Amino acid sequence: SQKIEQNSEALNIQEGKTATLTCNYTNYSPAYLQWYRQDPGRGPVFLLLIRENEKEKRKERLKVTFDTTLKQSLFHITASQPADSATYLCASTGGFKTIFGAGTRLFVKA
Amino acid sequence: EAGVVQSPRYKIIEKKQPVAFWCNPISGHNTLYWYRQNLGQGPELLIRYENEEAVDDSQLPKDRFSAERLKGVDSTLKIQPAELGDSAVYLCASSFTFWDTGELFFGEGSRLTVL
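All figures in this text were calculated on a predicted structure; none of them were measured in a lab.

The subject of this paragraph is the side chain of Ser80 of chain A. Residue and element names in this part refer to chain A. Within the secondary structure, Ser80 sits in the loop between strand 8 (72-77) and strand 9 (86-94). The exposure class of Ser80 is buried, given its relative accessible area of 1%. Engagement of the side chain of Ser80 in a polar contact is seen with the backbone oxygen of Lys17, the distance being 2.7 Å. Beyond its immediate sequence surroundings of up to four residues, Ser80 is in contact with Ile13, Gln14, Glu15, Gly16, Lys17, Arg61 and Val108.

Now the structure itself:
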């Protein structure tokens, strides 16, 4: 069955550094991957989408990569700020299904 | 433009009681999703509607869960009877179509606690 995995451990980084989050998928080839941000008690909010024929996508301080050989997507936040602290969810779409990973909690310390 | 609206935000019930959640998607969005999110987990799809048709309900526990989307707009998700394991956040999301931009717009969720 389709499976998507994210680092279950929280990521703690210092303000100004680059945060890198990992998303791995197995048993299928998604048409695209998405990244969402979720704050406590709120619904997920869309950040970026990258298609299988794209290697990299950028939006302001955010960058997403898609490596179909490694079956992995990396999500980068450059010049991180305490306001970036949240849970980041990876989602993959393929075979008429969108499935979500469990998310990685990011803490940015001032 | 208003986002996806869900109600109630919080609901506490005793097991075996019924409960219903309501969702109003973004205007013009044909696709509507109900997800369940357990603590520390990602959202899991329960059902997806294309207009008023349920096109994917493979993960919906049909013995106790039911959903409807009348006239292809608002949707209601019902649980009867509720069990302790149903405690979770129920998220509604919408998109123009499933294969359009891929972006899902989520509501704030309905947090259910079953005692």
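Let's shift gears to the interface of chain B and chain A. Each side of the interface is counted separately: chain B has 21 residues, and chain A has 20 residues. Both sides together, the interface formed by chain B and chain A hides about 1,700 Å², and carbon and sulfur atoms give 50% of it. Taken together, chain B and chain A are joined by 7 residue pairs in polar contact (both at pLDDT 80 or more). Looking at the side of chain B that touches chain A, its residues break down into 7 nonpolar, 8 polar and 6 charged.

We now examine the confidence of the model for chain A. Scored by pLDDT, chain A comes out at a mean of 93, with 100% of its residues at no less than 70. Confidence, read as mean pLDDT per element, is least for strand 10 (residues 97-100) of chain A in chain A (88) and greatest for strand 11 (residues 104-109) of chain A (97).

Quick notes on the rules
Residues numbered from 1 in each chain as written. Chains lettered and ligands numbered in written order. Predicted model: local features only at pLDDT ≥ 70, side-chain atom pairs only at ≥ 80, totals over all residues. Heavy atoms only, no water. Helix = DSSP H or I, 4+ residues; strand = E, 2+ residues; numbered from the N terminus. Buried < 20%, exposed > 50% of the residue type's maximum accessible area, 1.4 Å probe, protein only. Polar contact = N/O pair within 3.5 Å; in protein donor to acceptor, adjacent residues only side chain to side chain. Contact = heavy atoms within 4.5 Å. Buried area = accessible area lost by both parts, 1.4 Å probe. Nonpolar A, V, L, I, M, F, W, Y, C, P; charged D, E, K, R; others polar. pLDDT = per-residue confidence, 0-100.

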